[in-house]
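Analysis of the macromolecular model
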Amino acid sequence: MTPRDTKYQPGVCTALLAAVLMLLAVAVMLSGCSPTKYVPVETVRTEYRDREVEKIVADTVHDTRFVWVKGDTLVDIRETEHIRRVEIHDTCYIERTDTIRIPYPVEKHLTKWEQAKQDFGGFALGGVAIVICAVVVWLVRKFRK
């Protein structure tokens, strides 16, 4: 068979190119949705706090004496004031350990507009799939004749 005997068949090449483009388009459409992504969460978290009680006692004594002479009278006033101040500084020790055993997905609820777009996109993909199947069936029937 020589190169002159082979005939260029434009319909077969066009159909093959159309099929490849359709498969590529379907692959792109199906790869558009992303799976649920899990957020890494600490499995064990430990929290420490200390408890210390510090008591400070301050005793203060004020002695006051007033002496004065009023004519032939001597006035002597003595005052003793005892002040006791107690301050307590208190901190507590707490050790708390939280364990989360199962990671959970973080999903955002869709707004009505986003949900409508997603539903319309599903219908559009279904329509495109039906059109592609119809075109493939039509091409197969056309080239078999």
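This text gives an overview of the structure that appears in the document. Please read all numbers here as calculations on a predicted model, not as lab measurements.

**A word on the overall build of the protein chain**
- Of regular secondary structure, the protein chain possesses 2 helices and 4 strands.
- In sequence order, the protein chain lays out its α and β elements as α-β-β-β-β-α.
- Scored against the burial criterion, the 145 residues of the protein chain give a buried share of 3%.
- Considering only residue pairs separated by 6 or more positions, the protein chain has 72% of its internal contacts joining residues 24 or more positions apart.
- Accessible surface computed for the protein chain: about 13,700 Å², of which carbon and sulfur atoms make up 60%.

**With respect to a nonpolar patch on the surface**
- A surface patch of nonpolar side chains, about 400 Å² in accessible area, is lined by Leu17, Leu21, Leu24 and Val28.
- Position of Leu21 relative to the elements: it lies in helix H1 (residues 10-30).

**Overview of the environment of Val140**
- Its place among the elements puts Val140 in helix H2 (residues 112-144).
- Taking the C-alpha atoms as reference points, Val140 and Ala15, separated by 125 residues in sequence, lie 8.8 Å from one another.

**Notes on the environment of Met29**
- Relative to the assigned elements, Met29 resides in helix H1.
- Measuring from C-alpha to C-alpha, the distance between Met29 and Leu125 comes to 7.6 Å, with 96 residues separating the pair along the chain.
- Those residues in contact with Met29 that lie beyond four places of it in its chain are Leu125 and Val128.

**Quick word on the pattern of salt bridges**
- Tallied over the entire structure, the rule returns 3 salt bridges.
- One salt bridge connects Asp76 with Arg65, and the closest N-O pair in it is separated by 3.0 Å. Separated by 11 residues along the polypeptide, Asp76 in strand S3 (residues 73-91) and Arg65 in strand S2 (residues 52-70) bring together distant segments of the chain.
- Between Glu87 and Arg85 there is a salt bridge, with its nearest N and O atoms 3.3 Å apart.
- Through salt bridges that share partners, Arg65, Asp76 and Arg78 make up one connected network.

**Re the environment of Ile88**
- Here Ile88 lies in strand S3.
- A relative accessible area of 57% places Ile88 in the exposed class.
- For Ile88 and Lys55, which are 33 residues apart along the polypeptide, the C-alpha to C-alpha distance reads 4.5 Å.

Calculation notes
Residues numbered from 1 in each chain as written. Predicted model: local features only at pLDDT ≥ 70, side-chain atom pairs only at ≥ 80, totals over all residues. Heavy atoms only, no water. Helix = DSSP H or I, 4+ residues; strand = E, 2+ residues; numbered from the N terminus. Buried < 20%, exposed > 50% of the residue type's maximum accessible area, 1.4 Å probe, protein only. Contact = heavy atoms within 4.5 Å. Areas by Shrake-Rupley, 256 points an atom, 1.4 Å probe, with all protein chains shown as cover. Patch = residues over 30% accessible without salt bridge, like charges linked within 9 Å, V, L, I, M, F, W, Y side chains within 5 Å. Salt bridge = Lys/Arg side-chain N within 4 Å of Asp/Glu carboxyl O.

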